[in-house]
Amino acid sequence: LLCLPALPQVPLVAGVATACLALSLATRHPAALAFAAGLALAWLQCGGRLAARLDPALEGRTITVSGAVASVPQSVAGGVRFDFATEAGSGLPPLLELTWYEPQWRPRAAERLRLEARLRRPRGFANPGGVDYEARMLREGVGATGYVRSAQRLGRGWPEVLSAPVLVARDTIAVRLRASLGERPASGIVAGLAVGLQDALSPVQWRELARSGTSHLMAISGMHIGMFALVAAWATARVQRWRQRRGATGAARDAAVIAGSCAALGYGALAGWSVPTQRTVIMISLVAVALRSRRRIGAADALALGAMAALLTEPLAPLAPGFWLSFGAVAAILLVSAGRLGRAGLVRGYGQAQWAVSAGLVPVLAGSFGSL
């Protein structure tokens, strides 16, 4: 569906769904029915987001809009950028992406504001090989972009904080980190690794990361969350064994898998809940459930269930390069580590995994970023 130049009409979608239902009943296999369900879900969400875009008659006009900051404000050249959730019934898209140049103060996450802004429908350059800005706006549900001309604070009370506690926590941690570390080069890296914010890294730092092939280390993904969950599981197992020596009941492994999955969920939420983060948290949770219930689950099954859960949560996730990079990397590792190409020792197995990921992700990297 996402490869089509325009959304298909209702009769065509209904016809495909009916044909898939008939095929599924005839073959007694759910694959065709799953295809129809995925098509319908993606069609509904894509159509809803396209319909929620800014009315063309409002483009270029200064509009007064009230709502709340819906993201952690990030610094851009000469200003600050943030998502803004508009009030219901305003006649505007539910979510805006706004830039405030030369702001008098920094907006806070979940803070209510009244703004005078000039808006336009999402659009970007159509140069081949460039970043598909409009696809990103569609995936994130942004119905308009624009810039702020003036702003008035309406306050942030407990109702706003309780409505978005994770968002407020990410913003508070980022502000305190930058206040503690100052303008030193490491402050952006620490904020990026802690809460998934990358705006504090300078262009020179990004260039050095790109040249060394380590840019992905600043995007919170499976490696970061896996290490965090592993440390939490190890520490909890040690504590549980200490408690067992003093008469406590309960298996150390059960405590470890519960702590590891909870740690992964917490870190994933603080990191912004990106597609790679979702994949990792879902797979860790599936393995934790299997271990807790004394069942075995194959790595390929966990990967497939993780992809299904990610697509059910966000049917437009394939528009993000991170979707293909995340699941593609794990699939490549599974291909060489699951015995399909023969068993290998530690050093050889590590080399095989590196080779598989490097070769397997060439199409995605070249197509998405134009470089390897």
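Residues numbered from 1 in each chain as written. Predicted model: local features only at pLDDT ≥ 70, side-chain atom pairs only at ≥ 80, totals over all residues. Heavy atoms only, no water.

S.K.: So what's going on with the overall build of the chain? Residues and values would help.
M.R.: Within the chain one finds 14 helices and six strands. A globule of 372 residues ought to have a C-alpha radius of gyration of about 21 Å, and the chain, at 23 Å, matches this closely. Taking the principal axes of the C-alpha coordinates as reference, the chain spans close to 65 × 60 × 45 Å. By residue count, 35% of the 372 residues in the chain fall in the buried class. Counting contacts in the chain only where the partners sit at least 6 residues apart, residues at least 24 apart contribute 64% of the total. As displayed, the chain offers around 21,200 Å² of accessible surface, 63% of which is attributable to carbon and sulfur atoms. One finds the centroid of the 38 positive side-chain charges in the chain at a distance of 12 Å from the centroid of its 19 negative side-chain charges. (Helix = DSSP H or I, 4+ residues; strand = E, 2+ residues; numbered from the N terminus. Rg over C-alpha atoms; globule rule 2.2 N^0.38 Å. Buried < 20%, exposed > 50% of the residue type's maximum accessible area, 1.4 Å probe, protein only. Contact = heavy atoms within 4.5 Å. Areas by Shrake-Rupley, 256 points an atom, 1.4 Å probe, with all protein chains shown as cover. Lys, Arg positive; Asp, Glu negative; His and termini not counted. Charge placed at Lys NZ, Arg CZ, Asp CG, Glu CD.)

S.K.: Describe the packing of aromatic side chains, naming the residues involved and giving the relevant values.
M.R.: Here the distance between the centres and the angle between the planes together describe a pair of aromatic rings. This model, assessed by the stated rule, comprises five aromatic pairs. Considering the side-chain rings of phenylalanine 82 and phenylalanine 84, the 6.4 Å spacing of their centres and the 70° angle between planes classify their relative orientation as edge-to-face. The same class applies to phenylalanine 82 and to phenylalanine 84, which are both buried. Measuring from centroid to centroid gives 5.0 Å for phenylalanine 323 and phenylalanine 327, while their planes differ by 50°, and the two rings are tilted. Here the residue phenylalanine 323 and the residue phenylalanine 327 both occupy positions in helix 12 (residues 321-337), the gap between them amounting to four residues, near one helical turn. Comparing phenylalanine 323 with phenylalanine 327 shows no difference in burial state: the two are buried. (Phe/Tyr/Trp six-rings, centres within 6.5 Å; stacked < 30°, edge-to-face > 60°.)

S.K.: For the nonpolar core, give the residues involved together with the corresponding values.
M.R.: By size, the foremost hydrophobic cluster in this structure holds 18 residues, and its most contacted members are Phe82, Phe84, Leu92, Leu98, Leu115 and Leu119. Listing elements by their share of this core, those giving two or more residues are strand 1 (62-69), strand 3 (79-86), strand 4 (95-101), strand 5 (112-120) and strand 6 (144-155). In terms of residue count, strand 5 provides more of this core than any other element does, four residues in total. Sequence-distant contacts of leucine 115, defined by excluding residues within four places in its chain, comprise Ile63, Thr64, Val65, Phe82, Phe84, Leu98, Val148, Ser150 and Ala151. (Core = buried A, V, L, I, M, F, W, Y, C linked by side-chain atoms within 4.5 Å.)

S.K.: I'd like a description of unusual backbone geometry, backed by residues and values.
M.R.: Of note, the phi angle at glutamate 102 is positive, near 50°, even though the residue is not glycine. For glutamate 102, the position within the fold is in the loop between strand 4 and strand 5. Although it is not a glycine, tryptophan 273 sits at a positive phi angle of roughly 60°. By the element assignment, tryptophan 273 lies in the loop between helix 9 (252-270) and helix 10 (275-292).

S.K.: So what's going on with helix 12? Which residues, and what values?
M.R.: Counted at 1.5 Å a residue, the expected span for helix 12 with its 17 residues is 24 Å, and the 24 Å between its end C-alpha atoms agrees. Residues of helix 12 that are buried include every one of Phe323, Leu325, Ser326, Phe327, Ala329, Val330, Ala332, Leu334 and Val336, and no others. Buried residues in helix 12 make contact with helix 10, helix 11 (299-313), helix 13 (346-360) and helix 14 (362-369). (Expected span 1.5 Å × (residues − 1).)

S.K.: Describe the pairing of strand 4, and please don't skip the residues or the numbers.
M.R.: Counting buried residues in strand 4 gives six out of seven residues, a clear majority hidden from the surface. As paired strands, strand 3 and strand 4 are joined by seven bridges and run antiparallel to one another. Bridged to phenylalanine 82 within strand 4 is leucine 98. Note that strand 4 and strand 6 share four bridges and pair parallel. Residue pairing for strand 6: leucine 98 is matched across the bridge by glycine 146. (Pairing = 2+ DSSP bridges.)

S.K.: Explain a positive patch on the surface to me, using residue names and the numbers behind them.
M.R.: A cluster of basic residues, Arg238, Arg241, Arg245 and Arg246, forms a positive patch on the protein surface. Inspection of the secondary structure puts arginine 246 in the loop between helix 8 (222-244) and helix 9. (Patch = residues over 30% accessible without salt bridge, like charges linked within 9 Å, V, L, I, M, F, W, Y side chains within 5 Å. Salt bridge = Lys/Arg side-chain N within 4 Å of Asp/Glu carboxyl O.)

S.K.: Describe the packing of helix 5 (residues 165-181) against helix 6 (residues 186-195), and please don't skip the residues or the numbers.
M.R.: Packing of helix 5 against helix 6 leaves a shortest axis separation of 10 Å and a crossing angle of 160°. Relative to helix 6, helix 5 is oriented roughly antiparallel. Pair helix 5 / helix 6 crosses with right-handed handedness. Note on element contacts: helix 6 touches helix 5 through Ser187, Val190, Ala191, Ala194 and Val195, opposite Arg170, Ile173, Ala174, Leu177, Arg178 and Leu181. (Axes fitted to C-alpha atoms, helices over the stretch in contact; angles between N-to-C directions. Parallel < 35°, antiparallel > 145°, perpendicular 65-115°, else oblique. Left-handed = near helix turned anticlockwise from the far one by under 90°.)

S.K.: Give me the lowdown on the pairing of strand 3, citing residues and values where you can.
M.R.: Burial analysis of strand 3 places six of its eight residues in the buried class, which makes it a mostly covered element. In terms of strand pairing, strand 1 meets strand 3 through three bridges, oriented antiparallel. Within the sheet, the bridge partner assigned to valine 69 lies in strand 3 and is phenylalanine 84.

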